[in-house]
Amino acid sequence: MAATVDNSVRVFSGANVTSLTSAAWTLAGSNRVLYSQAASGASSPLAPNAVKHGGSGGSSLTQLGTTVDVGSRGKHSLWRLIAPASGSQTSYVSWASAQDETLLISVSVKDADQTTPNGTVAAATGHATNITVNATTVSGDL
């Protein structure tokens, strides 16, 4: 059986905040994996110091790859939690200092491999129109 997206949530702010908490959302199904993207923009953008499932006191996600600079005023990172608790929870992210623009997008996947649910993260940055990245894919992957 192939992994499928079960549910998702997103929260954005332009209010110079140090954290974001999503609305409650429900994770269901078996063999769950939770992915979250966190991004911030500021005169001194920072990578998150915590990304969690279940609010500020919840389960910590692990960062995949490295934090990507989005120009000189933005940061973006990808996080994962294998086998998150099911049921209704919130997603949470925090930064060490206030960030002007922030976002958190979380996606729950069900029926996913619980040992190696994803391959190596591939990312590209730049300012030209011919930016490329080579991502390794496997048939049946999300």
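These remarks concern the structure in this document. Just so it is clear, the structure is predicted and the values come from calculations on it, not from any experiment. (Residues numbered from 1 in each chain as written. Predicted model: local features only at pLDDT ≥ 70, side-chain atom pairs only at ≥ 80, totals over all residues. Heavy atoms only, no water.)

Topic: the overall build of the protein chain
Rule in force here: Only DSSP runs of H or I reaching four residues or more are called helices, and only runs of E reaching two or more are called strands; each is numbered from the N terminus. In this treatment the radius of gyration is a C-alpha quantity, and the globule benchmark scales as 2.2 Å times the residue count to the 0.38 power. For every residue, the accessible area obtained with a 1.4 Å probe (protein chains only) is divided by the maximum for its type, and the residue is called buried under 20%, exposed over 50%, and partly exposed between those limits. The contact definition used throughout considers only heavy atoms, calling two residues in contact when any of these lie within 4.5 Å. Note on areas: Shrake-Rupley, 1.4 Å probe, and residue coverage restricted to the protein chains presented here. This count recognises Lys and Arg as positive and Asp and Glu as negative, with His and chain-terminal groups excluded. Just so you know, the charge point we use is NZ for Lys, CZ for Arg, CG for Asp and CD for Glu.
Regarding its fold elements, the protein chain presents zero helices and eleven strands. Taking 14 Å as the expected radius of gyration for a compact globule of 142 residues, we find that the protein chain reaches 15 Å, a close match to that expectation. Structurally, the protein chain occupies a C-alpha span of about 45 × 40 × 20 Å along its principal axes. The proportion of buried residues among the 142 residues of the protein chain is 34%. Long-range pairs, those at least 24 residues apart, make up 78% of the contacts in the protein chain between residues at least 6 apart in sequence. Just so you have it, the protein chain exposes about 7800 Å², and 48% of that area is on carbon and sulfur atoms. Once the 7 positive and 7 negative side-chain charges of the protein chain are each reduced to a mean point, those two points are 5 Å apart.

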